[in-house]
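Spelled out, the chains give:
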Amino acid sequence: LGYMGDRMGRKPAFLVTAGIICLFGLATSFCNTLFGLVLCRFMVGFGVGGLTVPFDTFAEFIPNSHRGRDLIKIEYWWCLGTLLVSLLAMVTLGQSSDGDSGRNDNSWRWFVVWCSVPCFISSVV
């Protein structure tokens, strides 16, 4: 993905990686086989590899005197996002639509859909 950013530009590379994450994140919720699930999660991981592109772009435009401080602020957002995913998991996982958390629980499908929403929003904005 870094090579693609060098050849096509960073904005198209970011949009492609965000698209990969969104598409395969949503596709995960429709998987009915182990192979499909592993393939979709692999592709999400591949897309996450391209999320360094906006970080690098941001770093190039920050004056040296503020670069460390401002880049650390981005890392705080990663930490907050990780905490929010845990909270989202607590709210959604194990909660089936009929109130019974039995064998046919599909709450994990809603969880992966909700996890792909922030990437979709950031790529549209």
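An account of the accompanying structure is given in this report.

The rules we used
- Residues numbered from 1 in each chain as written.
- Predicted model: local features only at pLDDT ≥ 70, side-chain atom pairs only at ≥ 80, totals over all residues.
- Heavy atoms only, no water.
- 1 Å grid on protein atoms, 1.4 Å probe; cavity = no way out; pocket = protein on both sides within 12 Å on 5 of 7 lines; lining within 4 Å.
- Points joined across faces, edges and corners; volume = space filled by probe spheres on them.
- Helix = DSSP H or I, 4+ residues; strand = E, 2+ residues; numbered from the N terminus.
- Nonpolar A, V, L, I, M, F, W, Y, C, P; charged D, E, K, R; others polar.
- Patch = residues over 30% accessible without salt bridge, like charges linked within 9 Å, V, L, I, M, F, W, Y side chains within 5 Å.
- Areas by Shrake-Rupley, 256 points an atom, 1.4 Å probe, with all protein chains shown as cover.
- Salt bridge = Lys/Arg side-chain N within 4 Å of Asp/Glu carboxyl O.
- Buried < 20%, exposed > 50% of the residue type's maximum accessible area, 1.4 Å probe, protein only.
- Axes fitted to C-alpha atoms, helices over the stretch in contact; angles between N-to-C directions.
- Parallel < 35°, antiparallel > 145°, perpendicular 65-115°, else oblique.
- Left-handed = near helix turned anticlockwise from the far one by under 90°.
- Contact = heavy atoms within 4.5 Å.
- Expected span 1.5 Å × (residues − 1).
- Core = buried A, V, L, I, M, F, W, Y, C linked by side-chain atoms within 4.5 Å.

This part takes up the layout of surface pockets. Size it by volume and the largest pocket reaches roughly 1200 Å³. Forming the boundary of the largest pocket are 30 residues, of which Leu51, Trp78, Gly81, Pro118 and Cys119 lie nearest the centre. Contributing elements (two or more residues each) for the lining of the largest pocket: α2 (10-28), α3 (34-48), α4 (52-61), α5 (64-92) and α6 (107-124). Here the residues of the lining of the largest pocket are counted per class, giving 22 nonpolar, six polar and two charged.

This paragraph deals with a nonpolar patch on the surface. Side chains of Trp77, Leu80, Leu84, Leu87, Met90 and Val91 sit close together on the surface and give an oily, nonpolar patch of about 680 Å² of accessible area. Here leucine 84 is to be found in helix α5. By relative accessible area, leucine 84 is classed as partly exposed at 47%.

A few words on the packing of α5 against α6. Their axes nearest at 10 Å, the elements α5 and α6 cross at an angle of 150 degrees. With respect to α6, the element α5 is oriented roughly antiparallel. Crossing handedness for the pair α5 and α6: right-handed. Here α5 contributes Val85, Leu88, Ala89 and Thr92 to the contact with α6, which in turn contributes Ser107, Phe111, Trp114 and Cys115.

Before going further, it helps to examine the pattern of salt bridges. According to the stated counting rule, one finds three salt bridges in the structure shown. Close ionic contact of glutamate 60 with arginine 10 constitutes a salt bridge, the shortest N to O distance being 2.7 Å. Here the residue glutamate 60 occupies a position in helix α4, and arginine 10 occupies one in helix α2, the gap between them amounting to 50 residues. In this structure, aspartate 70 and lysine 73 form a salt bridge, with 3.7 Å as the shortest nitrogen-oxygen distance. With aspartate 70 and lysine 73 both in helix α5, this residue pair falls three residues apart, about one helical turn. Residue aspartate 70 is classed as buried on the basis of its relative accessible area, which comes to 17%. For lysine 73, a relative accessible area of 42% translates into the label partly exposed. Shared partners join several salt bridges into a network, and the residues in it are Arg69, Asp70 and Lys73.

Across its 29 residues, α5 extends 43 Å between first and last C-alpha, which sits within 8% of the 42 Å expected from 1.5 Å per residue. Buried within α5 we find Asp70, Leu71, Ala89 and Thr92.

We now examine the nonpolar core. Formed by Phe14, Ala18, Ile21, Cys22, Val44, Val53 and Cys119, the largest nonpolar core amounts to seven residues. Examining the composition of this core, we find that four residues originate from one element, α2, more than from any other. The contact partners of cysteine 22, leaving out residues within four places of it in the chain, are Ser116, Cys119 and Phe120.

Before going further, it helps to examine the environment of aspartate 105. If you trace the backbone, aspartate 105 turns up in the loop between α5 and α6. Expressed as a C-alpha distance, the spacing of aspartate 105 and threonine 92, which sit 13 residues apart in the sequence, is 11 Å.

Turning our eyes to something else, we now look at α6. The first and last C-alpha atoms of α6 sit 26 Å apart over 18 residues, in line with the 26 Å expected at 1.5 Å per residue. Within the sequence span of α6, burial applies to Ser107, Arg109, Phe111, Val112, Val113, Ser116 and Cys119. Looking at the buried residues of α6, the elements they touch are α2, α3 and α5.

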